[in-house]
Amino acid sequence: MHIFDELKERGLVFQTTDEEALRKALEEGQVSYYTGYDPTADSLHLGHLVAILTSRRLQLAGHKPYALVGGATGLIGDPSFKDAERSLQTKETVQEWVRSIQGQLSRFLDFENGDNKAEMVNNYDWFGSISFIDFLRDVGKYFTVNAMLSKESVKKRIETGISYTEFAYQIMQGYDFYVLNQEHNVTLQIGGSDQWGNMTAGTELMRRKADKTGHVMTVPLITDATGKKFGKSEGNAVWLNADKTSPYEMYQFWMNVMDADVVRFLKIFTFLSLDEIEEIRKQFEAAPHERLAQKILAREVVTLVHGEEAYKEALNITEQLFAGNIKNLSVKELKQGLRGVPNYQVQAEDNLNIVELLVTAGVVNSKRQAREDIQNGAIYVNGERIQDLDYVLSDSDKLENELTVIRRGKKKYFVLTY
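Quick look at the structure, then. Here the structure is a predicted model, which means the values were calculated and not measured.

1. Re the layout of surface pockets
By volume, the second largest pocket amounts to about 620 Å³. As for the second largest pocket, its lining consists of 19 residues, of which Gln252, Thr318, Leu321, Phe322 and Lys411 are closest to the centre. Counting only elements with at least two residues in the lining of the second largest pocket, the list comes to helix 13 (247-255), helix 17 (308-323) and strand 11 (412-417). For the lining of the second largest pocket, the element with the most residues is helix 17, which contributes five residues. Per-class residue counts for the lining of the second largest pocket are ten nonpolar, three polar and six charged.

This is the structure:
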């Protein structure tokens, strides 16, 4: 199957400037293309992964990727479909974020092998040296304010107020495409569907300033079956940095994907062939309760992002926590698996009697409830059921002298730290 057809079959083509021309270009020879990532944080997140993996698929098909991390545009902020202007960061912060994101991208694209090895670029390299007057004369004159105002990405902000700084962003992104075309013969830009206005600004600049044709292809913004968006602006970010979203948390995210979404996500987020995914779909629909598709999706993406060892660790944490085998996990694994659960720092003056401590730590609201839960067998300390009302926590309950895990009922975990 031709790469463009495969991208469409996987649901990765949302819009193109000229589908037939793009298909022909991809068929006739190697295409140099780029995807831009602005450093708005020290890590990319799941929303970026769609474009990253699409870029990787094109590289595997023989085309040459340029990964642009926007050291310059990151200082400005993209207004596209945002309700308010971004907070401007210092140059030092943006430079630090650029390095971090470049490191993440290097894990997904091949920067070392073949005549289509990936290249890393930073638009600060050309914006940092251009004067404001030169930019207005050599670039700005090719943009009409009418066309800039008509972009869907800024229309909403025009009503509430948009600064000239952000309004000029689309010119900057357009100039990125022009420079990469001039210097590296880049003819295709890939990005999220919310970037359409900024991306076509580049093809317009190339046409007017250099009489050249560029292609744009957007990938869809991914939502689940309820319409909920994957992205940090929604407050539910799944980061690609293991310190921000652990491999275990990422594993759980994919395990909790709704049945209605899972096959579609296998096509988008994994490199399993479409035939393999079709076979998984058949098995999954025959026994959805076994969650085969979710397990494979979680395995593939966690391995892709964090490596096989991290996947195995996430799987082991999942299995041991499900079985309540707390002592089979190291403190490092417990911290990963129980990140986000209620935590209480035990004080020197705290009464360590189990009834007292359950109340002090906020596990239950009253001593009466604590006694009732203990007598009913609902309280576990490090996986061991405690039914003695006089039980007192001791040093032997401190795992690696750092923490104690209390479970109430089947799933409610609490962590005591020392």
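Back to the write-up after that little detour.
2. Focus on the nonpolar core
Counting residues in each nonpolar core, the largest one holds 72 residues, and the members touching the most others are Leu49, Trp254, Phe269, Leu321 and Leu334. The contact partners of Leu49, leaving out residues within four places of it in the chain, are Phe108, Leu240, Phe269, Val301 and Val305. Within the second largest apolar cluster, 27 residues are counted, among which are Ala72, Val139, Phe143 and Phe177.

3. What to know about the environment of Thr54
One can find Thr54 in helix 3 (residues 46-60). Classification of Thr54 by relative accessible area gives buried; the value is 0%. Distance in space between the C-alpha atoms of Thr54 and Gly128 is 30 Å, their sequence separation being 74 residues.

4. Section: the sheet that holds strand 2 (residues 32-37)
Either a parallel or an antiparallel arrangement is found when strands of a sheet pair, and the pairing is made through backbone hydrogen bonds. Strand order in the open sheet formed by six strands is 1-6-5-2-3-4, and the pairing between neighbours is mixed. Across the chains shown, the open sheet's two edge strands, defined by having one partner strand only, are strand 1 (15-16) and strand 4 (119-122). Helix 11 (residues 169-184) rests against strand 2, strand 3 (64-69), strand 4, strand 5 (186-192) and strand 6 (215-219) of the sheet, and its axis sits at about 145° to strand 5. Here helix 12 (residues 196-210) sits on the sheet and contacts strand 1, strand 5 and strand 6; the angle it forms with strand 6, its principal contact strand, is near 170°.

5. Observations regarding the sheet that holds strand 11
Read from one edge to the other, the open sheet built from five strands follows the order 7-11-10-8-9, with strand pairing classed as mixed. Taken across any chain shown, the strands that pair with only one partner, and hence form the sheet edges, are strand 7 (343-345) and strand 9 (384-385). Inspection of the sheet shows strand 7 paired to strand 11 by three bridges, in the parallel sense. By the bridge assignment for strand 11, Tyr344 is matched with Leu416.

6. A word on the pattern of salt bridges
Here the structure, examined in full by the defined rule, presents 23 salt bridges. The closest approach of N and O atoms between Glu249 and Arg339, which form a salt bridge, is 2.9 Å. Taken together, the positions of Glu249 in helix 13 and Arg339 in the loop between helix 18 (331-337) and strand 7 put the pair 90 residues apart, joining distant regions of the chain. Using a relative accessible area of 25% as the deciding quantity, one classes Glu249 as partly exposed. Between Arg299 and Glu300 there is a salt bridge, and its shortest N-O distance comes to 2.8 Å. For Arg299, a relative accessible area of 31% corresponds to the partly exposed category.

7. What to know about helix 15 (residues 274-286)
The terminal C-alpha atoms of helix 15, which comprises 13 residues, lie 18 Å apart, in line with the 18 Å expected from a rise of 1.5 Å per residue. Taken as a whole, helix 15 has its buried residues at Leu274, Ile277, Ile280 and Phe284. Along the long axis of helix 15, the arc covered by the buried residues comes to 110°, so they all point the same way. Exposed and facing more than 90 degrees away from the buried side of helix 15 are Asp275 and Ala286. Residues of helix 15 that are buried in the fold lie against helix 1 (3-9), helix 14 (259-269) and helix 16 (292-306).

8. Details of the packing of helix 14 against helix 15
Where helix 14 contacts helix 15, the two axes come as close as 9 Å, and the packing angle between them is 165°. By the criterion of interaxial angle, the relationship of helix 14 to helix 15 is roughly antiparallel. Once helix 14 is placed against helix 15, the crossing between them reads as right-handed. Here Asp259, Val262, Val263, Leu266 and Lys267 of helix 14 lie close against helix 15, whose contacting residues are Leu274, Ile277, Ile280, Arg281 and Phe284. In terms of residue class, the contact of helix 14 with helix 15 is built from seven nonpolar, no polar and three charged.

9. Quick notes on unusual backbone geometry
The backbone of Asn185 sits at a positive phi, close to 55°, despite the residue not being glycine. Structurally, Asn185 is set in the loop between helix 11 and strand 5. Not every positive phi belongs to a glycine, and Asp211 is a case in point at roughly 55°. Within the secondary structure, Asp211 is located in the loop between helix 12 and strand 6. Given a relative accessible area of 69%, Asp211 falls into the exposed group.

Rules used throughout
- Residues numbered from 1 in each chain as written.
- Predicted model: local features only at pLDDT ≥ 70, side-chain atom pairs only at ≥ 80, totals over all residues.
- Heavy atoms only, no water.
- 1 Å grid on protein atoms, 1.4 Å probe; cavity = no way out; pocket = protein on both sides within 12 Å on 5 of 7 lines; lining within 4 Å.
- Points joined across faces, edges and corners; volume = space filled by probe spheres on them.
- Helix = DSSP H or I, 4+ residues; strand = E, 2+ residues; numbered from the N terminus.
- Nonpolar A, V, L, I, M, F, W, Y, C, P; charged D, E, K, R; others polar.
- Core = buried A, V, L, I, M, F, W, Y, C linked by side-chain atoms within 4.5 Å.
- Buried < 20%, exposed > 50% of the residue type's maximum accessible area, 1.4 Å probe, protein only.
- Contact = heavy atoms within 4.5 Å.
- Pairing = 2+ DSSP bridges.
- Axes fitted to C-alpha atoms, helices over the stretch in contact; angles between N-to-C directions.
- Salt bridge = Lys/Arg side-chain N within 4 Å of Asp/Glu carboxyl O.
- Expected span 1.5 Å × (residues − 1).
- Arc of directions from axis to C-beta.
- Parallel < 35°, antiparallel > 145°, perpendicular 65-115°, else oblique.
- Left-handed = near helix turned anticlockwise from the far one by under 90°.

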